[in-house]
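Structural features, examined
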Amino acid sequence: MKKGILQRISDSAVWRSIFRTGIPDTDLKRSMLIFNNFFLHIFPAKMKRHGLCFSFTFCLGGISCLLFIILTVTGILLMFLYTPSIERAYFDMQALALLFNGKILRNLHRWSAHGMVATVFFHMVRVFYTRSYRPPREFNWVVGIGLLVLTLALSYTGYLLPWDQLAYWGITVGTTIMTYTPFLGSYIRFFMLGADEVGHEALLRFYVLHCVVLPFFTGLLMAIHFWRVRKDGGISGPL
Ligand code: HEM
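Presented here is a report on the structure given in the accompanying data block. (Residues numbered from 1 in each chain as written. Predicted model: local features only at pLDDT ≥ 70, side-chain atom pairs only at ≥ 80, totals over all residues. Heavy atoms only, no water.)

1. Some remarks on the overall build of the protein
The condition that has to hold: Here a helix means four or more residues in a row that DSSP labels H or I, a strand means two or more in a row labelled E, and each is numbered from the N terminus. When we talk radius of gyration, it's over C-alpha atoms, and the globule rule is simply 2.2 Å times the number of residues to the 0.38. Residues count as neighbours in contact if any of their non-hydrogen atoms are within 4.5 Å of one another. All accessibility values rest on the Shrake-Rupley procedure with a 1.4 Å probe; residue burial counts only the protein chains present in the view.
Looking only at helices and strands, one finds 11 helices and 0 strands in the protein. When its helices and strands are written in sequence order, the protein yields α-α-α-α-α-α-α-α-α-α-α. By the compact-globule yardstick of 18 Å for 239 residues, the protein is too spread out, its C-alpha radius of gyration being 23 Å. With the C-alpha coordinates aligned to their principal axes, the bounding extent of the protein is approximately 80 × 45 × 30 Å. Of the contacts made within the protein by residues no fewer than 6 positions apart, 63% connect residues no fewer than 24 positions apart. Working note: accessible area of the protein is about 16,000 Å², and carbon and sulfur atoms make up 73% of it.

Here it is, written out as structure tokens:
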């Protein structure tokens, strides 16, 4: 019998060199398709019905992840237009308003950042309320705390970058509060600012932390977090 076009494509050597499973027309092949695909293997091959229940998770972890992706993409675009120097930073941000869609880009980044702080917090409240921090998920709770700290640190370091009055005084007040840490206060402030007051050393430090170091560790912890959700048997049961 003559083969259909789809069958011929899925039987071809090129197709088979990329996708090891044929047309996923059985449960086994569907599972194999998920296991063997780099992009799909983040999804579970099987899941429990309650895991799909919106009112259990409110998709808050997923929304946090989506906002992180939006922040990464808009952040990279903003990096093309921004110079981390005290002479240029403020004017670069003002110049964004003159660009086609520049304001939308900036506001997308800003509002996604506010949104992520809120969704990560509410995700933590949901996990607490549904008692999902209990064994075997206690380690993932600790990874989550790391993610919360990183999210807040990303938000804080981004605050200085526009180099306007709000940014300058916000970071001055924030780092001055640090000096009240017992014994180590002034060292911590110096370590954060790279100098005795907010200046170009601080701007460069915050820029590198905001654009490279913190996103890297957030991405890494997120990968561990998702992997742990899978290893802990998927999303915890209903209450
Ligand atoms: C960047 C921040 C975070 C992201 C992107 C994230 C993402 C996710 C996702 C997608 C899930 C699957 C279920 C769901 O959507 O609710 C999940 C589950 C979980 N998260 Fe997070 N999370 C973050 C922060 C946190 C924080 C701050 C905590 C707690 C301190 C936490 C603790 C947990 C735990 C214990 C689970 C398993 C819950 C269950 O099985 O019901 N996560 N996370």
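This is not the end of the story, as more comes after the structure.
2. A short note on the side chain of threonine 74
Keep this limit in mind: The buried label goes to any residue with under 20% of its type's maximum accessible area, the exposed label to any with over 50%, and the partly exposed label to all in between, with areas taken from a 1.4 Å probe on protein chains only.
One can find threonine 74 in helix H5 (residues 60–79). Overall, the relative accessible area of 4% leaves threonine 74 in the buried class.

3. Some details on the packing of helix H8 (residues 138–160) against helix H9 (residues 165–178)
Here is the rule we go by: Only the stretch in contact is used when a helix axis is fitted, and all axes are lines through C-alpha atoms; the angle between N-to-C directions ranges over 0 to 180 degrees. To sort the angles, those under 35 degrees are grouped as roughly parallel, those over 145 as roughly antiparallel, those from 65 to 115 as roughly perpendicular, and the leftovers as oblique. In this classification, the charged set is Asp, Glu, Lys and Arg, the nonpolar set is Ala, Val, Leu, Ile, Met, Phe, Trp, Tyr, Cys and Pro, and all remaining amino acids, among them Gly, are polar.
It is at 7 Å that the axes of H8 and H9 come closest, and there the two elements cross at 130°. In terms of orientation, H8 and H9 fall into the oblique class. Note on element contacts: H9 touches H8 through Leu166, Ala167, Tyr168, Gly170, Ile171, Gly174 and Thr175, opposite Tyr156, Tyr159 and Leu160. Of the residues assigned to the contact of H8 with H9, the class counts are 7 nonpolar, 3 polar and no charged.

4. Quick notes on the site of the ligand
Defined as follows: Being near a molecule or strand, for a residue, comes down to having at least one heavy atom within 4 Å of it. Nitrogen and oxygen atoms within 3.5 Å of one another constitute a polar contact, given that in protein one can donate a hydrogen and the other can accept it, and given that sequence-neighbouring residues count only through two side-chain atoms.
Near the ligand there are 25 residues, and of these His123, Arg126, Arg137, His225 and Ser236 occur at the shortest range. The backbone of glycine 61 places a nitrogen or oxygen atom 3.5 Å from an oxygen atom of the ligand. In this structure, histidine 225 approaches the ligand through a side-chain N or O atom, which is 2.8 Å from a nitrogen atom. For the shell around the ligand, the residue count by class is 12 nonpolar, 11 polar and 2 charged.

5. Here's the deal with the coordination of the iron atom of the ligand
Rule in force here: Excluding water, the donors of a metal are its N, O and S neighbours within 2.8 Å, or within 3.2 Å for Na, K and Ca, and that exclusion means sites may look incomplete. Square planar and octahedral assignments, for four and six donors respectively, both demand that opposite donors be over 155 degrees apart and that all other angles lie between 65 and 115; tetrahedral needs four donors with all angles between 85 and 135 degrees, and anything else is irregular.
Protein-derived ligands of the iron atom of the ligand are His123 (NE2) and His225 (NE2), with the metal-ligand distances lying across 2.0 to 2.1 Å. Every donor counted, the 6 donor atoms about the iron atom of the ligand form angles of 86 to 180° at the centre, which fits octahedral coordination. Here histidine 123, found in helix H7 (residues 102–129), pairs with histidine 225, found in helix H11 (residues 200–231); they are 102 residues apart in sequence, far enough to count as distant. Of the two residues, histidine 123 and histidine 225, neither departs from the other in class, the shared state being buried.

6. A short note on the environment of tryptophan 169
For tryptophan 169, the position within the fold is in helix H9. Between the alpha carbons of tryptophan 169 and valine 198 there is a distance of 8.9 Å; along the sequence they are 29 residues apart.

7. Description of the nonpolar core
Here is the rule we go by: Definition used in this section: a nonpolar core is a set of buried Ala, Val, Leu, Ile, Met, Phe, Trp, Tyr and Cys residues joined via side-chain atoms within 4.5 Å.
Among the nonpolar cores identified, the biggest contains 17 residues, and Tyr82, Leu160, Val198 and Leu203 are the most heavily contacted of them. For this core, the elements supplying multiple residues, two or more each, are helix H6 (89–95), helix H10 (185–193) and H11. Tallying contributions element by element places H11 first for this core, with 4 residues. Excluding residues within four positions of it along the chain, leucine 203 makes contact with Tyr82, Pro84, Ser85, Ile86, Ala89, Leu160, Leu161 and Trp163. Within the second largest apolar cluster, 12 residues are counted, among which are Met116, Leu154, Leu214 and Met222.

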